[in-house]
Amino acid sequence: MLLLDHNISYKLTRDKDLQNIFPGLQHIYLLNLHDEEDEIIWEYAKDHALTIVSKDNDFQHLFSIHGFPPAVIKLNIGNCTNEHLKSVLLKHADAIRAAHQNNRLVIIEE
């Protein structure tokens, strides 16, 4: 369901709470997409019905150009621990799932 960008730790994909809430949680590193251009990652997410989660503006920009799918979750939270990032994702799980289902851009600020 979610595809985490390079600026988010791949270790979050191992978290059981996140996997329960977001089944099929993926990371670009684990899919060998970490050296690919953003357009390639965009197309991969689109082809596999994944929502991109990122802390940078690149995918928000692509969303404004291409529209949907895929949905994009832009996290405006700066540098933080994995535990804090996990808590943000869990706290906003309903909004993230709704964005995924409705192919929307959601900006989460913490």
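The structure we're discussing is the one just above.
Report follows, based on the coordinates. Computed from a predicted model, the values in this text were never measured in an experiment. (Residues numbered from 1 in each chain as written. Predicted model: local features only at pLDDT ≥ 70, side-chain atom pairs only at ≥ 80, totals over all residues. Heavy atoms only, no water.)

### Quick notes on a negative patch on the surface
Taken together, the side chains of Asp35, Glu36, Glu37, Glu39, Glu43 and Asp47 make up a negatively charged region of the molecular surface. Looking at the element boundaries, Glu43 is found in helix H2 (residues 38-47). Exposure remark for Glu43: the relative accessible area of 34% places this residue in the partly exposed category. (Patch = residues over 30% accessible without salt bridge, like charges linked within 9 Å, V, L, I, M, F, W, Y side chains within 5 Å. Areas by Shrake-Rupley, 256 points an atom, 1.4 Å probe, with all protein chains shown as cover. Salt bridge = Lys/Arg side-chain N within 4 Å of Asp/Glu carboxyl O. Lys, Arg positive; Asp, Glu negative; His and termini not counted. Charge placed at Lys NZ, Arg CZ, Asp CG, Glu CD. Helix = DSSP H or I, 4+ residues; strand = E, 2+ residues; numbered from the N terminus. Buried < 20%, exposed > 50% of the residue type's maximum accessible area, 1.4 Å probe, protein only.)

### A word on the packing of aromatic side chains
In total, this model carries one aromatic pair according to the counting rule given. Pairing Tyr10 with Tyr29 gives two aromatic rings, centres 5.5 Å apart and planes at 35°, and the pair type is tilted. Of this pair, Tyr10 sits in the loop between strand E1 (2-4) and helix H1 (16-21) while Tyr29 sits in the loop between strand E2 (26-27) and H2, placing them 19 residues apart in sequence. By relative accessible area, Tyr10 is classed as partly exposed at 27%. Classification of Tyr29 by relative accessible area gives partly exposed; the value is 43%. (Phe/Tyr/Trp six-rings, centres within 6.5 Å; stacked < 30°, edge-to-face > 60°.)

### Considering the sheet that holds strand E5 (residues 105-109)
Spatial ordering of the open sheet is given by E2-E1-E3-E4-E5, a layout of five strands whose pairing is parallel. A single partner strand is all that each edge strand has here, and the edge strands are E2 and E5. Pairing between E1 and strand E3 (residues 51-54): three bridges, direction parallel. Each residue of the ladder has a partner; that of Leu3, found in E3, is Ile52. The strands touched by helix H5 (residues 93-102) are E1, E3, strand E4 (72-76) and E5; relative to E5, the strand with the most contacts, the crossing angle is about 165°. (Pairing = 2+ DSSP bridges. Contact = heavy atoms within 4.5 Å. Axes fitted to C-alpha atoms, helices over the stretch in contact; angles between N-to-C directions.)

### Things to note about the pairing of E4
Within E4, four of the five residues are buried, which leaves the element mostly enclosed by the surrounding structure. Inspection of the sheet shows E4 paired to E5 by five bridges, in the parallel sense. Each residue of the ladder has a partner; that of Lys74, found in E5, is Ile107.

By themselves these figures say nothing about function.
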